[in-house]
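What the coordinates show
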Amino acid sequence: MDFLAENKGEARLSASGATFYVEENKEHKVFFAFEVDSLPEAKKLLLNNKCLITSESEEGFMIDDPHGLSYFVSGPARPI
């Protein structure tokens with residue numbers, strides 16, 4: 001795993017073409033993060049598939065899927 005960057009409370013790592021964000025959070029919650037080309041299209045698709053948005057920001061949104069997994073969905077190339 002290669003170290004890419006870090007800022008307050010977050011580090012970005014890379015391995016085998018995948019980028020991993022390790023974030024300090026108060027809930028000690030584990031989630032997956034994905035970058036998408038279009039936030040509105042991704043949101044519509046996920047909501048139509050019974051996912052629940054748990055929070056939103058300018059960068060993207062947190063979502064829980066019907067199987068209990070959590071994801072952060074952001075637009076292209078968010079800075080760290």
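This write-up is about the structure you can find in this document. Because the structure is predicted, anything quoted here is derived from the model rather than measured.

Bringing the overall build of the chain into the picture now. Regarding its fold elements, the chain presents one helix and seven strands. Ordered by position from the N terminus, the helices and strands of the chain form the series β-β-β-β-α-β-β-β. Evaluated residue by residue, the chain yields a buried proportion of 25% over its 80 residues. Taking the contacts inside the chain whose residues are at least 6 apart along the sequence as the reference set, 32% of them involve residues at least 24 apart.

Let us now look at the packing of aromatic side chains. Following the criterion strictly, the structure yields two aromatic pairs and no others. Between the aromatic rings of Phe34 and Tyr71, the centroid separation amounts to 5.8 Å while the plane-to-plane angle is 40°, which identifies the pairing as tilted. Taken as a pair, Phe34 in strand S4 (residues 32–35) and Tyr71 in strand S7 (residues 70–74) lie far apart in primary sequence, 37 residues in all. Judged by its relative accessible area of 18%, Tyr71 is buried. An aromatic cluster is present here, built from Phe32, Phe34 and Tyr71 joined pairwise through their rings.

Within helix H1 (residues 39–48), only one of the ten residues are buried, which leaves the element largely exposed. Looking at the residues trailing H1, positive phi occurs at Lys50, about 65°.

Next up on the list: the side chain of Asp65. Tracing the sequence through the fold places Asp65 in the loop between strand S6 (60–64) and S7. Within polar-contact distance, the side chain of Asp65 engages the backbone nitrogen of His67 at 2.8 Å. In this structure the side chain of Asp65 is engaged in a polar contact, spanning 3.0 Å, whose partner is the backbone nitrogen of Gly68. If we ignore the near neighbours within four places in the chain, the residues touching Asp65 are Cys51 and Tyr71.

On to the sheet that holds strand S5 (residues 52–56), then. Spatial ordering of the open sheet is given by S4-S7-S6-S5, a layout of four strands whose pairing is mixed. The two strands at the open ends of the sheet, each matched to only one other strand, are S4 and S5. Strand-to-strand twist across the sheet, computed as the mean angle between neighbouring axes with direction ignored, equals 25°. Pairing between S4 and S7: four bridges, direction parallel. The partner of Phe32 across the bridge, within S7, is Tyr71. With respect to the sheet, H1 is in contact with S5, S6 and S7, its orientation differing from that of S6 by roughly 15°.

Rules behind the numbers
Residues numbered from 1 in each chain as written. Predicted model: local features only at pLDDT ≥ 70, side-chain atom pairs only at ≥ 80, totals over all residues. Heavy atoms only, no water. Helix = DSSP H or I, 4+ residues; strand = E, 2+ residues; numbered from the N terminus. Buried < 20%, exposed > 50% of the residue type's maximum accessible area, 1.4 Å probe, protein only. Contact = heavy atoms within 4.5 Å. Phe/Tyr/Trp six-rings, centres within 6.5 Å; stacked < 30°, edge-to-face > 60°. Polar contact = N/O pair within 3.5 Å; in protein donor to acceptor, adjacent residues only side chain to side chain. Pairing = 2+ DSSP bridges. Axes fitted to C-alpha atoms, helices over the stretch in contact; angles between N-to-C directions.

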